[in-house]
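Fold and geometry: a report
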There are 2 protein chains.
Amino acid sequence: MTGTTSIEWTGGRLRYVDQTKLPDEVIFVETDDYRVVARSIKGLEIRGAPAIGVAAAFAVVLAASPAGAEQEHAKSVDEAITHLALTRPTAVNLFSSLKRMRACLSGPAGSGTLRDRLLIEAMAIRQEDIVACRRIADSGVTLIQPGSTLLTHCHTGALATGGGGTALFIITEAHQRGLVRRVYVGETRPLLQGSRLTAWELMQHGIEASLITDSTAGFLMKQGRVDAVLVGADRITANGDVANKIGTYSLAVLAAHHHIPFYVAAPVSTIDFDLRTGDQIPIEERDSREVTQVRGVRVAPEGVAVYAPAFDVTPNEFVTALVTNAGIIRPPFADALEKLNQSLGTAAIT
Amino acid sequence: MTGTTSIEWTGGRLRYVDQTKLPDEVIFVETDDYRVVARSIKGLEIRGAPAIGVAAAFAVVLAASPAGAEQEHAKSVDEAITHLALTRPTAVNLFSSLKRMRACLSGPAGSGTLRDRLLIEAMAIRQEDIVACRRIADSGVTLIQPGSTLLTHCHTGALATGGGGTALFIITEAHQRGLVRRVYVGETRPLLQGSRLTAWELMQHGIEASLITDSTAGFLMKQGRVDAVLVGADRITANGDVANKIGTYSLAVLAAHHHIPFYVAAPVSTIDFDLRTGDQIPIEERDSREVTQVRGVRVAPEGVAVYAPAFDVTPNEFVTALVTNAGIIRPPFADALEKLNQSLGTAAIT
């Protein structure tokens, strides 16, 4: 699962791991129906901002089924894009990916069938993500001191991207270079991506990992047992504010209080240059059952009210550095990201 | 369950709710064997610092069974105290309670049988706790502004004490006076005392309660949706440092960052005047299965390492006020608690 892709295009179908079943079972879903992919994104079988972007791109290809006429394809592709855009509101990769796929509808004449253009674009999106992950890992590893004890939250490994991962790819890379002593993994309630996916992935790499409940992080930091915090991002705004899994903001404030570096790793595709600050990011609220039930077992009284945002927003002042495929970006973020955005206009980053 | 006792002495037996079964079932345990009580304390069927103190006192009475001779009673009481002291290390009420029970062994001649003296002392400990809870509620309610949205962690209601509760009793009292708009309840991983017990108790009172995952607290505060944080304590040291359920320290740092008052409610019996600072408090580590399993369902990979402290220590600088049965105590805590300790030498508080 490392460095390679967790979302495969095979024989005109899309194949991916159902992440909700991990780590108990590794079950693959294979489909030629974009609605199945949309349902998998909504149901978190596919999750992680970059992975959602890649999967959505291939889902659009599925909408241009081989049998139909070119015009019918355009119509069903349009429908698929609209349908897919409604799955999850926070991760920007979904929207940037769909925007690129939509652009294929108006591809130049003589540039192959619509389906060909869509497939080439989806392949490109995935390939860029693979390269982006690799660059993030190579950049990020330079931030890790030898003998580090690291803390991470949620899951940012191979499964969460089209490539090798973001924050977790930095960690596994740092481990390979002998820099990591231990990784503390926040279990990441409500859906336990930390215990189910990150702890599992770290164990597969043979990395010393210790699981903690999310609220243990502060006490760990107080004891001087965390050298750096690394997390991913679902959307980064033009000023460097970061939307990421709920709990990230608490970790960021705690890290700042304990003078621990707080690194956010994400591909440039996760940066939404159109939004000025994090206050403008739509925050998805999830079904209350994700809190009142754990893997189908009820843990709270029947009928209790729940506040269940899937993400929170961490203001840029708490971010030590953004680790991107365009390199390490440091404060002041607004200036640095403005410069990056300008350079994107003139040259490809990934 | 409000204002009355959740631990009953009935027909020479001890009767209490098995808190691990709530809120699914309200199951009472009734026993005349102190070992069963000890197992219940260790297994968290009885939990909450004051409740542990009360239950342990009655368990000692059970050790002086009616049938034995006075000398045998002394021996088995001594054994029971030693046995009970090994159940849980952090809550000081257990030890202060057992110390009082041990003092009964050397009671004055002509002051009844040992069993009588023990029973009178256990009854006194419980009665003091009932009065202490009431005083805490009456004092604490003066801190709550009309229309407040409150945040609490773990469970500090009637079940956690011999009386009506500590922090949660303040909240229910404030609600009765029409001061509370909403209460956010941290679910309190790993054992979910927040969802299972606090949310349940608040719903029974008809209080608007919203359950959150523990890591949502910071984001709530950032949105200005928390007016005050109220928690209990398992041990408070002479300088005002507070050991309480894991996650309390994170909440305290977050509250300070957002300029939100952070109140700790506990009876004077929870103050350990013998310990200078929180660094000296032994912190219990729990079985890793409490994190890797939720109500018997596995949520993490087989064999993963876990760091599972049951408590953390919040330095006094993060505490706005201690709410005790001796009134509201404000910084500087070392001075105020020193004065309180001196007054305890001369007059009974409870």
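Up top you'll find the structure we're talking about.
In this report, we go over the structure that sits alongside the text. Every value quoted in this text rests on a predicted model; they were computed, and no experiment measured them.

Looking now at the overall build of chain A. Within chain A, the secondary structure is distributed over 11 helices and 17 strands. Against the 2.2 N^0.38 benchmark of 20 Å for 350 residues, chain A shows a C-alpha radius of gyration of 20 Å, consistent with a compact globule. Principal-axis analysis of the C-alpha atoms gives chain A an extent of 65 × 50 × 40 Å. Counting only residues that meet the buried cut, chain A has 61% of its 350 residues in that class. Of the roughly 12600 Å² that chain A leaves accessible, carbon and sulfur atoms contribute 50%.

With that settled, consider the sheet that holds strand β15 (residues 311–314) of chain B. Two pairing modes exist for strands in a sheet, parallel and antiparallel, and in both the strands are linked by backbone hydrogen bonds. All names here are of chain B. The strand order across the open sheet built from four strands is β11-β8-β9-β15, with neighbouring strands paired in mixed fashion. Every interior strand has two partners, whereas the edge strands, β11 (271–272) and β15, have only one. Strand direction decides the pairing type here: strand β9 (residues 242–245) and β15, joined by four bridges, are antiparallel. In the strand pairing of β15, asparagine 244 is matched with aspartate 312.

With that out of the way, let us pick up the relation of the copies chain A and chain B. Note on the copies: chain A fits chain B at an RMSD of 0.0 Å, the axial shift is 0.0 Å, and the rotation between them is 180°. What we have between these two chains is a two-fold relation. When each C-alpha of chain A is compared by its distance to the rotation axis, serine 215 of chain A comes out closest, at 3.2 Å. Same-surface contact between copies: 100% of interface residues of chain A are shared with the interface of chain B.

With 56 residues of chain A in contact, the opposing surface of chain B contributes 56 residues. Together chain A and chain B conceal approximately 4300 Å² of surface at their shared face, both sides included; 68% is due to carbon and sulfur atoms. Applying the counting criterion to the chain A and chain B interface returns two salt bridges. Where glutamate 187 of chain A meets arginine 189 of chain B, a salt bridge forms, and the shortest distance between an N and an O atom there is 2.6 Å. Taken together, the connections running from chain A to chain B amount to 16 residue pairs in polar contact (both at pLDDT 80 or more).

Right, let's get into the pairing of strand β1 (residues 7–10) of chain B. Residue and element names in this part refer to chain B. Of the two faces of β1, the one holding Ile7 and Trp9 is buried and the one holding Glu8 and Thr10 is not buried anywhere. For β1 and strand β2 (residues 13–17), the ladder comprises four bridges, and the chain directions are antiparallel. What sits directly across from glutamate 8, in β2, is arginine 15. Connecting β1 to the next strand, β2, in antiparallel fashion are two residues, including glycine 11 with a positive phi near 60°.

All names here are of chain A. Ordered by their spatial adjacency, three strands build an open sheet running β1-β2-β3, and the pairing between neighbours is antiparallel. This sheet does not close on itself; its edge strands, each paired only once, are β1 (7–10) and β3 (28–31). Adjacent strand axes in the sheet meet at a mean angle of 20°, parallel and antiparallel pairs treated alike. Sheet analysis places strand β2 (residues 13–17) next to β3, joined by four bridges and oriented antiparallel. Bridge pairing links tyrosine 16 to valine 29 in β3.

Turning our eyes to something else, we now look at the packing of aromatic side chains. Centre-to-centre distance and the angle between the planes together describe a pair of aromatic rings. In the structure shown here, the tally under the stated rule is six aromatic pairs over all chains. Pairing tyrosine 249 of chain B with phenylalanine 318 of chain B gives two aromatic rings, centres 6.0 Å apart and planes at 85°, and the pair type is edge-to-face. One end of the pair, tyrosine 249 of chain B, is in helix α9 (residues 248–257); the other, phenylalanine 318 of chain B, is in the loop between β15 and β16 (321–324), and 69 residues separate them in sequence. With respect to class, tyrosine 249 of chain B is no different from phenylalanine 318 of chain B; both count as buried. The ring of phenylalanine 28 of chain A has arginine 15 of chain A lying over it, and the distance from NZ or CZ to the ring centre is 4.0 Å.

For the rest of this paragraph, the subject is the environment of alanine 256 of chain A. Residue and element names in this part refer to chain A. By the element assignment, alanine 256 lies in helix α9 (residues 248–257). You can call alanine 256 partly exposed: its relative accessible area is 35%. For the pair alanine 256 and valine 92, spaced 164 residues apart in the sequence, the C-alpha separation amounts to 26 Å.

A few words now on the packing of helix α2 (residues 49–63) of chain A against helix α4 (residues 92–103) of chain A. All names here are of chain A. Where α2 contacts α4, the two axes come as close as 8 Å, and the packing angle between them is 30°. Of the possible angle classes, the one that applies to α2 and α4 is roughly parallel. Considering the relative orientation of α2 and α4, their crossing is right-handed. Contacts between α2 and α4 pair Ala49, Pro50, Ile52, Gly53, Val54, Ala56, Ala57, Val60 and Val61 from the former with Asn93, Leu94, Ser97, Leu98 and Met101 from the latter. Residue composition of the contact of α2 with α4, by class: 11 nonpolar, three polar and no charged.

Scoring rules and cut-offs
- Residues numbered from 1 in each chain as written.
- Chains lettered and ligands numbered in written order.
- Predicted model: local features only at pLDDT ≥ 70, side-chain atom pairs only at ≥ 80, totals over all residues.
- Heavy atoms only, no water.
- Helix = DSSP H or I, 4+ residues; strand = E, 2+ residues; numbered from the N terminus.
- Rg over C-alpha atoms; globule rule 2.2 N^0.38 Å.
- Buried < 20%, exposed > 50% of the residue type's maximum accessible area, 1.4 Å probe, protein only.
- Areas by Shrake-Rupley, 256 points an atom, 1.4 Å probe, with all protein chains shown as cover.
- Pairing = 2+ DSSP bridges.
- Least-squares fit on C-alpha atoms with pLDDT ≥ 70 in both.
- Contact = heavy atoms within 4.5 Å.
- Buried area = accessible area lost by both parts, 1.4 Å probe.
- Salt bridge = Lys/Arg side-chain N within 4 Å of Asp/Glu carboxyl O.
- Polar contact = N/O pair within 3.5 Å; in protein donor to acceptor, adjacent residues only side chain to side chain.
- Axes fitted to C-alpha atoms, helices over the stretch in contact; angles between N-to-C directions.
- Phe/Tyr/Trp six-rings, centres within 6.5 Å; stacked < 30°, edge-to-face > 60°.
- Lys NZ or Arg CZ within 6 Å of the ring centre and 35° of its normal.
- Parallel < 35°, antiparallel > 145°, perpendicular 65-115°, else oblique.
- Left-handed = near helix turned anticlockwise from the far one by under 90°.
- Nonpolar A, V, L, I, M, F, W, Y, C, P; charged D, E, K, R; others polar.

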